[in-house]
Protein chains: 2
Amino acid sequence: MSALKYAVFGSGSWATAIVKMLCENLDEVGWYMRSIYTKEHLLKEQHNPSYLSSVEFHLDQLKLSNDINEIAAYADVLIFVIPSAFIHSELEKLNVDISNKTIVSAVKGILPETGLLLGEHFHENFQIPYDNIGVIAGPCHAEEVALERLSYLTISCSDKKKAQQLAKVLESHYIKTKTSDDVIGTEYAVMLKNIYAVAAGIAHGLGYGDNFQSVLMSNAIREMKRFIKKMHKMKRNINNSAYLGDLLVTGYSTFSRNRMFGNMIGKGYTVKSAQMEMSMVAEGYYATKSAFKLNEKNKKKTRLPIINAVHEILYEGKDAKKVFLKLTDKLD
Amino acid sequence: MSALKYAVFGSGSWATAIVKMLCENLDEVGWYMRSIYTKEHLLKEQHNPSYLSSVEFHLDQLKLSNDINEIAAYADVLIFVIPSAFIHSELEKLNVDISNKTIVSAVKGILPETGLLLGEHFHENFQIPYDNIGVIAGPCHAEEVALERLSYLTISCSDKKKAQQLAKVLESHYIKTKTSDDVIGTEYAVMLKNIYAVAAGIAHGLGYGDNFQSVLMSNAIREMKRFIKKMHKMKRNINNSAYLGDLLVTGYSTFSRNRMFGNMIGKGYTVKSAQMEMSMVAEGYYATKSAFKLNEKNKKKTRLPIINAVHEILYEGKDAKKVFLKLTDKLD
């Protein structure tokens, strides 16, 4: 169907879901994963041992490798789905020329080492022009892709044709897509929503109810709008699925590991013990620090009461109950 | 605390919650209820027999009556919390002069007989000036008020001072308030959200998952914005709690009877049998007809794919599964 070759980098649940989507349309999909065990298991059992293990793959459709350079050399379109905290060390292994390739971010955070979005990082460090940089945004829980429940994706790229091409190979009877030119805004939204999901989890853990959650989400989308506008001013409807929809699916869903992580904090776990309880990385933890730092750099700081509250709890050792009591007066 | 006398008309869960809020601040609250049984039960057991029965009242704070005129004569501020379908017949009993009183709507729909909001109805039929008309909007499930879980209300009145006065008597350690001058917009929001909650319920009943729900809600708030803008154009932030927050608490909460009603429809119940199963009135059922009719009157119709879909299912006898399959192509 497509003359272009696609590859996914990463083997978590979202990476696995994207490989599944691509397999609906392509004869072959490149798939890089760090873990030798995961690769061996896939070869033997046709499914990812750790994530979305109900999804069966056809091995003849997969080009699997533990060598990031092999897959980077193979593909024209490189889709990165590695947790933001590990991206930097993975990219350090890259030594093939990727300057002519299209880079797609399905990463849910910004690189903690540089404070850059994945696209910005590739632009600055690999000289990829912005027209060759895309973003895959939800709202989309990987778990529901596994179940083939109808889901909508937003594909962003300043090159409209590239966005449409990518949208096309992701579409199927359970995936609908739309395109957008707001690469920076959608990537920030993907990151910010995880912070708000942590906040929703903390609120729930502290015993706040549905009435409060809805006020929290209503304030969160307004805060997200202010944050993104400050970072990249352009015309966007913050209520589109890629922003509001993604916030809601993460903030309200029981699948969300960020919400789960926040819930444990609200219930009194320390950050460390909550992280140890969970085998998955809660992206919102890193995102909180990154978003807070980015705002610190602003000459005139954006008003971010929710992000600041989560930061106080996760990084400044403050008591969740007290912080939220103060926060309730800043919401409306 | 207040020289003004307040009264609540209605005895459902939201009416009971508002009486509870007022009792936190006032020495006496007027309370009209149609049912003699409910009044007798309250006098004997200090709680509403049918709704929020965990809430204990102090009888010396309540002026109870089954005579709407007695309570209307007593109070300066009349808060109506009667299901929209019964409002008209209740108001026909009114024969005392209320032209100098403040009328507050906590009704969750428009009067099916006239297609008017409660405020509009009082303005047209009782010559109440718009400055004396207010609205109490959520997001607020009555059930959480009973539990004294932190909730936020928006009080709208074009007379700012009146809005502040009313806000003040509703506030307590578990109720925060804000005021607004968008009487018409907030009242439409209260009504429309119930339709979207029915839609959310139908989707759930049909087997759509969280990913789809978030897309549905993201489209719903954009549709709500278009609808309200057409009805009453003014500057408003549709993401404020009274609009988006209220939509979310109703669309996502398990307390919502509209969602429950929709869920039964999605699962294959007929409208009639779903209504019979539920002892409460699902306001969204009536709201769907009213909103659809209002839009029919527009010379240039507003694009309302969700409301139209729910109308097709509830009033045009169309198959929910087929209607939603078509709807999924209209959302993004």
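Please read all numbers here as calculations on a predicted model, not as lab measurements.

What counts and how
Residues numbered from 1 in each chain as written. Chains lettered and ligands numbered in written order. Predicted model: local features only at pLDDT ≥ 70, side-chain atom pairs only at ≥ 80, totals over all residues. Heavy atoms only, no water. Least-squares fit on C-alpha atoms with pLDDT ≥ 70 in both. Contact = heavy atoms within 4.5 Å. Domains from an automatic or database assignment. Salt bridge = Lys/Arg side-chain N within 4 Å of Asp/Glu carboxyl O. Polar contact = N/O pair within 3.5 Å; in protein donor to acceptor, adjacent residues only side chain to side chain. Nonpolar A, V, L, I, M, F, W, Y, C, P; charged D, E, K, R; others polar. Buried < 20%, exposed > 50% of the residue type's maximum accessible area, 1.4 Å probe, protein only. Helix = DSSP H or I, 4+ residues; strand = E, 2+ residues; numbered from the N terminus. Pairing = 2+ DSSP bridges. Right-handed = clockwise from strand over helix to strand, strands pointing away. Patch = residues over 30% accessible without salt bridge, like charges linked within 9 Å, V, L, I, M, F, W, Y side chains within 5 Å. Areas by Shrake-Rupley, 256 points an atom, 1.4 Å probe, with all protein chains shown as cover. Lys, Arg positive; Asp, Glu negative; His and termini not counted. Charge placed at Lys NZ, Arg CZ, Asp CG, Glu CD. Phe/Tyr/Trp six-rings, centres within 6.5 Å; stacked < 30°, edge-to-face > 60°. Lys NZ or Arg CZ within 6 Å of the ring centre and 35° of its normal. UniProt positions renumbered as here; feature names shortened; annotations may be inferred. Axes fitted to C-alpha atoms, helices over the stretch in contact; angles between N-to-C directions. Parallel < 35°, antiparallel > 145°, perpendicular 65-115°, else oblique. Left-handed = near helix turned anticlockwise from the far one by under 90°.

Caption draft 1: Up close: the relation of the copies chain A and chain B. Mapping chain A onto chain B calls for a rotation angle of 180° and an axial translation of 0.0 Å; the resulting RMSD is 0.0 Å. Taken together, the rotation angle and the small translation identify this as a two-fold axis. The C-alpha atom lying nearest the rotation axis in chain A is that of Y252 of chain A; the distance is 3.9 Å. The overlap is high: 100% of the interface residues of chain A also sit at the interface in chain B, so the same surface is used on both sides.

Caption draft 2: Structural context of the domain arrangement of chain A. All names here are of chain A. Under the domain assignment used here, chain A contains domain 1 (6-181) and domain 2 (185-330). Inter-centroid distance (C-alpha atoms) of domain 1 to domain 2 is 25 Å. If you look at the interface, domain 1 gives 30 residues, while domain 2 gives 25 residues. Counting every contact that joins domain 1 to domain 2 gives 1 salt bridge. A salt bridge links R257 to E143, with the shortest nitrogen-to-oxygen separation between them at 3.8 Å. Counting every contact that joins domain 1 to domain 2 gives 8 residue pairs in polar contact (both at pLDDT 80 or more). A per-class count over the side of domain 1 that touches domain 2 returns 13 nonpolar, 11 polar and 6 charged.

Caption draft 3: Here's a closer look at the pairing of strand β6 (residues 133-137) of chain A. Residue and element names in this part refer to chain A. In terms of burial, β6 is a largely internal element, 5 of the 5 residues being buried. Residues I133, V135 and A137 point to one face of β6 and G134 and I136 to the other, with burial holding for every one of them. Relative to β6, strand β5 (residues 102-105) is paired through 3 bridges, and the arrangement is parallel. Along β6, the bridge assignment pairs I103 with I133. For the crossover that starts at β5, traverses helix α5 (residues 118-126) and ends in the parallel β6, the hand is right-handed.

Caption draft 4: Structural context of the environment of Y315 of chain A. All names here are of chain A. For Y315, the position within the fold is in helix α14 (residues 305-315). For Y315, a relative accessible area of 24% puts it in the partly exposed group. Distance in space between the C-alpha atoms of Y315 and V271 is 8.9 Å, their sequence separation being 44 residues. Beyond its immediate chain neighbours, meaning those up to four positions away, Y315 contacts Y285, Y286, T288 and K289. For Y315, the side chain forms a polar contact with the main-chain oxygen of Y285, separated by 2.5 Å.

Caption draft 5: Examining a positive patch on the surface more closely. A cluster of basic side chains, namely K225, K229, K233 and K235 of chain A together with K225, K229, K233 and K235 of chain B, defines a positive patch on the protein surface. The set of elements that each furnish at least two residues to the positive patch consists of α9 (210-231) of chain A together with α9 (210-231) of chain B. Note that K235 of chain A resides in the loop between α9 and α10 (241-252). Judged by relative accessible area, which is 82%, K235 of chain A ranks as exposed.

Caption draft 6: Molecular detail of the side chain of N295 of chain A. Positionally, N295 of chain A belongs in helix α13 (residues 283-297). Not counting the four nearest positions on each side in its chain, N295 of chain A is found in contact with K301, T302 and L304 of chain A.

Caption draft 7: Representation of the packing of aromatic side chains. In this structure the tally under the stated criterion is 25 aromatic pairs over all chains. For the pair Y285 of chain B and Y286 of chain B, a centre-to-centre distance of 5.2 Å together with 80° between the ring planes defines the contact as edge-to-face. A relative accessible area of 26% means that Y286 of chain B is categorised as partly exposed. On the numbers, 4.9 Å between centres and 25° between planes, the contact of Y285 of chain B with Y315 of chain B is stacked. In this pair, Y285 of chain B sits in helix α13 (residues 283-297) while Y315 of chain B sits in helix α14 (residues 305-315), placing the two residues 30 residues apart along the sequence. Ring pairs connect the aromatic residues F9, Y32, F80, F122 and F126 of chain A, which therefore count as one cluster. Above the plane of the ring of F86 of chain A lies R34 of chain A, whose end atom (NZ or CZ) is 5.4 Å from the centre.

Caption draft 8: Just the UniProt feature "binding site: NAD(+)" (unreviewed entry) in chain A, in detail. All names here are of chain A. Within the UniProt annotation, "binding site: NAD(+)" (unreviewed entry) is assigned to F86, A142 and R257. Residue placement: F86 occurs in helix α4 (residues 84-91). In this structure F86 comes out as partly exposed when scored by relative accessible area, which is 31%. If we skip the residues at most four places from it in the chain, F86 touches R34 and V281. Assignment of secondary structure puts R257 in helix α11 (residues 257-266). Looking at R257, its side chain comes within polar contact range of the side chain of S13, at 3.3 Å.

Caption draft 9: Focus on the packing of helix α8 (residues 183-206) of chain A against α14 of chain A. Residue and element names in this part refer to chain A. Following both chains from N to C, one finds α8 and α14 inclined at 65°, their axes separated by 10 Å at the closest point. The orientation of α8 relative to α14 falls into the category roughly perpendicular. Here α8 runs over α14; the crossing is left-handed. Between α8 and α14, the residues in contact are L192, I195, Y196, V198, A199 and I202 and I306, I307, V310, I313 and L314, respectively. Across the contact of α8 with α14, the residue classes break down as 11 nonpolar, no polar and no charged.

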